[in-house]
Amino acid sequence: MLDQPSALIDIRGVCRSFPKGSGEQLLVLEKVDLTIRSGEIVGLLGRSGSGKSTLLRIIAGLVTPSSGSATCRGETIVGPPNGVAMVFQSFALFPWLTVLQNVELGLEALGVESAERRKRALVAIDLIGLDGFESAFPKELSGGMRQRVGFARALVVHPDLLLMDEPFSALDVLTAETLRTDLIDLWIEGRLPIESVLMVTHNIEEAVLMCDRVLVFSSNPGRVATEIKVELPHPRNRLDTYFRQLVDNIYARMTQRAEPRAPTIEGIPGTGIGMTLHHVSSNVLSGLIETLAAPPYRGHADLPVLASQLQFEADEILHLGESLQLLRFAQLSEGDLMLTEAGTRFAHLETDARKKLFAEHLITYVPVMGLIRRVLDERPSHTAPAARFRNELEDYMSEDYADETLKTVVSWGRYAELFAYDEQSEMFSLENP
Ligand code: ADP
Ligand code: MG
């Protein structure tokens, strides 16, 4: 019998929870299975908060699974495994060390002696296009050059597996594209001293451009919902028909609706008070409604097309689309965004009438808005502290998400003139009780 190439990383039935603000557990990863073999670039694509970084940190030995098994070459991962290196979104360089010293650092931990260290660091620096910058300090470098240092530091240890957590997302569009292309070129030429790459991204095009397989993560809790093979030779052309089809296909999968988990408050339709509201300004929402209503879309847009026209990333356009859907101004389906009748009406109204319509939809479709408004109406003082609602939200979500949801509530509620909010005292009040 032929041996399958043995798995470098094997993740079986991994679950992980974290304590929520209220002290209960939030299930972030649920029964995740994932295998990484030698010779492949695997992409992990999912919405923000779906647990991608957590999974990467489990593989890097920085977080332990709550249950299930995580192995590297057949051995359970306890602490950082040999042969696994990571590149972070935020570069994570030491500002007081030069480029050369930052790169050598990866080898110091392995006990490589100093002449050898220097030699290997210089090779990695040369490979990644930093020749001549050895003695520069991070603050003297552009973002793109800093991230090259991040790559050199990971590559210098010749890891079997390179983990990358949104490595291009802090860079401007052109710099990111240059760095992606350089990396893929080195990979194809077999010049990278690595065997496999696992890359987290929320950029669909980036995943299709670089990866052999893309795993699409679902949210709440995170699990691998689907796997898509990208059988296109490098260098890949973004305009290629098959490339576009794959991007469309992934958009469609990412807009399939997950079942809402949080209960709804009696009498109020919607997805429940425990729904996370992503912070999207009401200006951006009304701008998007206008764009959708106008030609060439006339109420119906393909998300990838819309994202590229408006220069949004997949994650951002999905947040926007979901917010419009939540408010019943648009509907997401199979990778398309369509205005509802109310959305079309909104597009043609004057400012004051828009605010009124927005207010009606907020009260009807966003349970936490209805709750705040009711509490303010009922209290003789017509005021209530934000903490009253934050506590309630934290029964359903982490503190970070409760904060973001409240921030969104405040900015949408202000736009709709549903209530006033004082930042100093963190108090809600009725504007005209
Ligand atoms: P992603 O990388 O997909 O954006 P993360 O893995 O960073 O997602 O986070 C997923 C969820 O887990 C979020 O709700 C986040 O708040 C929560 N989370 C991650 N790490 C911790 C932690 N150390 N403590 C509490 N909650 C955490
Ligand atoms: Mg992350």
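Please read these numbers as outputs of a predicted model, since none were measured by experiment.

Bringing the overall build of the protein into the picture now. Scanning the protein for helices and strands turns up 15 helices and 16 strands. A compact globule built from 433 residues would reach a C-alpha radius of gyration of about 22 Å, and the protein, at 24 Å, matches this within 12%. In the protein, which comprises 433 residues, the proportion classed as buried is 50%. Of all intrachain contacts in the protein linking residues separated by at least 6 positions in sequence, the fraction that spans at least 24 positions is 67%. For the protein, the accessible area works out to roughly 20200 Å², and carbon and sulfur atoms hold 50% of it. Averaging the positions of the 41 positive and the 59 negative side-chain charges in the protein gives two centres separated by 2 Å.

Moving on: the pairing of strand β10 (residues 223-229). Sheet topology places strand β9 (residues 213-218) next to β10; 6 bridges connect them, and they run antiparallel. The partner of Leu215 across the bridge, within β10, is Glu227.

We now examine the sheet that holds strand β2 (residues 25-36). Note on sheets: strands pair through backbone hydrogen bonds, and any given pair is parallel or antiparallel. Reading across the sheet, the 4 strands line up as β2-β1-β4-β5 and stay open at both edges, with antiparallel pairing between neighbours. Two strands bound the open sheet, and with one partner strand each, they are β2 and β5 (75-76).

Two numbers describe how helix α7 (residues 241-254) lies on helix α9 (residues 303-310): the axes approach to 9 Å, and their chain directions differ by 105°. On the basis of the axis angle, α7 is roughly perpendicular to α9. When α7 is examined against α9, the residues Arg244, Val247, Asp248 and Tyr251 are found in contact with a partner set consisting of Leu303, Pro304 and Ala307. For the contact of α7 with α9, the class distribution of residues is 5 nonpolar, no polar and 2 charged.

Turning our eyes to something else, we now look at helix α15 (residues 399-415). The end-to-end C-alpha distance of α15 is 24 Å, a good match for the 24 Å that 17 residues give at a rise of 1.5 Å each. Buried within α15 we find Ala402, Thr405, Leu406, Thr408, Val409, Val410, Trp412, Gly413 and Tyr415. Trailing α15 by a residue or two, Glu417 shows a phi angle of about 55°, which is positive.

Here the focus is the domain arrangement of the protein. Looking at the protein, the domain boundaries give domain 1 (7-254), domain 2 (266-277 + 366-433) and domain 3 (282-350). Relative to domain 3, the C-alpha centre of domain 1 lies at a distance of 32 Å. Facing 12 residues of domain 1, the contacting portion of domain 3 comprises 13 residues. Both faces considered, domain 1 and domain 3 share a buried interface measuring about 1100 Å² in area, 52% of it formed by carbon and sulfur atoms. For the domain 1 face of the interface with domain 3, the top three residues by lost area are Arg47, His202 and Tyr251, together amounting to 55%. Between Glu322 and Arg47 there is a salt bridge; the shortest N-O distance is 3.4 Å. Among the elements that take part in the side of domain 1 that touches domain 3, α7 stands out by supplying 6 residues, more than any other. When its residues are assigned to classes, the side of domain 1 that touches domain 3 shows 5 nonpolar, 4 polar and 3 charged.

The subject of this paragraph is unusual backbone geometry. With an omega of -5°, the peptide bond running from His234 to Pro235 counts as cis. Secondary-structure assignment places Pro235 in the loop between β10 and α7. The amide bond that connects Pro295 to the next residue, Pro296, takes the cis arrangement and shows omega of 5°. Along the polypeptide, Pro296 turns up in the loop between α8 (282-293) and β11 (300-302). Its identity is not glycine, yet Arg73 carries a phi of approximately 50°, on the positive side. Judged by its relative accessible area of 43%, Arg73 falls in the partly exposed class. The backbone phi angle of Glu426 is positive, close to 55°, even though this residue is not glycine. Of note, Glu426 is situated in the loop between β15 (420-422) and β16 (427-429). The class for Glu426 is partly exposed, based on a relative accessible area of 36%.

Parameters at a glance
Residues numbered from 1 in each chain as written. Chains lettered and ligands numbered in written order. Predicted model: local features only at pLDDT ≥ 70, side-chain atom pairs only at ≥ 80, totals over all residues. Heavy atoms only, no water. Helix = DSSP H or I, 4+ residues; strand = E, 2+ residues; numbered from the N terminus. Rg over C-alpha atoms; globule rule 2.2 N^0.38 Å. Buried < 20%, exposed > 50% of the residue type's maximum accessible area, 1.4 Å probe, protein only. Contact = heavy atoms within 4.5 Å. Areas by Shrake-Rupley, 256 points an atom, 1.4 Å probe, with all protein chains shown as cover. Lys, Arg positive; Asp, Glu negative; His and termini not counted. Charge placed at Lys NZ, Arg CZ, Asp CG, Glu CD. Pairing = 2+ DSSP bridges. Axes fitted to C-alpha atoms, helices over the stretch in contact; angles between N-to-C directions. Parallel < 35°, antiparallel > 145°, perpendicular 65-115°, else oblique. Nonpolar A, V, L, I, M, F, W, Y, C, P; charged D, E, K, R; others polar. Expected span 1.5 Å × (residues − 1). Domains from an automatic or database assignment. Buried area = accessible area lost by both parts, 1.4 Å probe. Salt bridge = Lys/Arg side-chain N within 4 Å of Asp/Glu carboxyl O.

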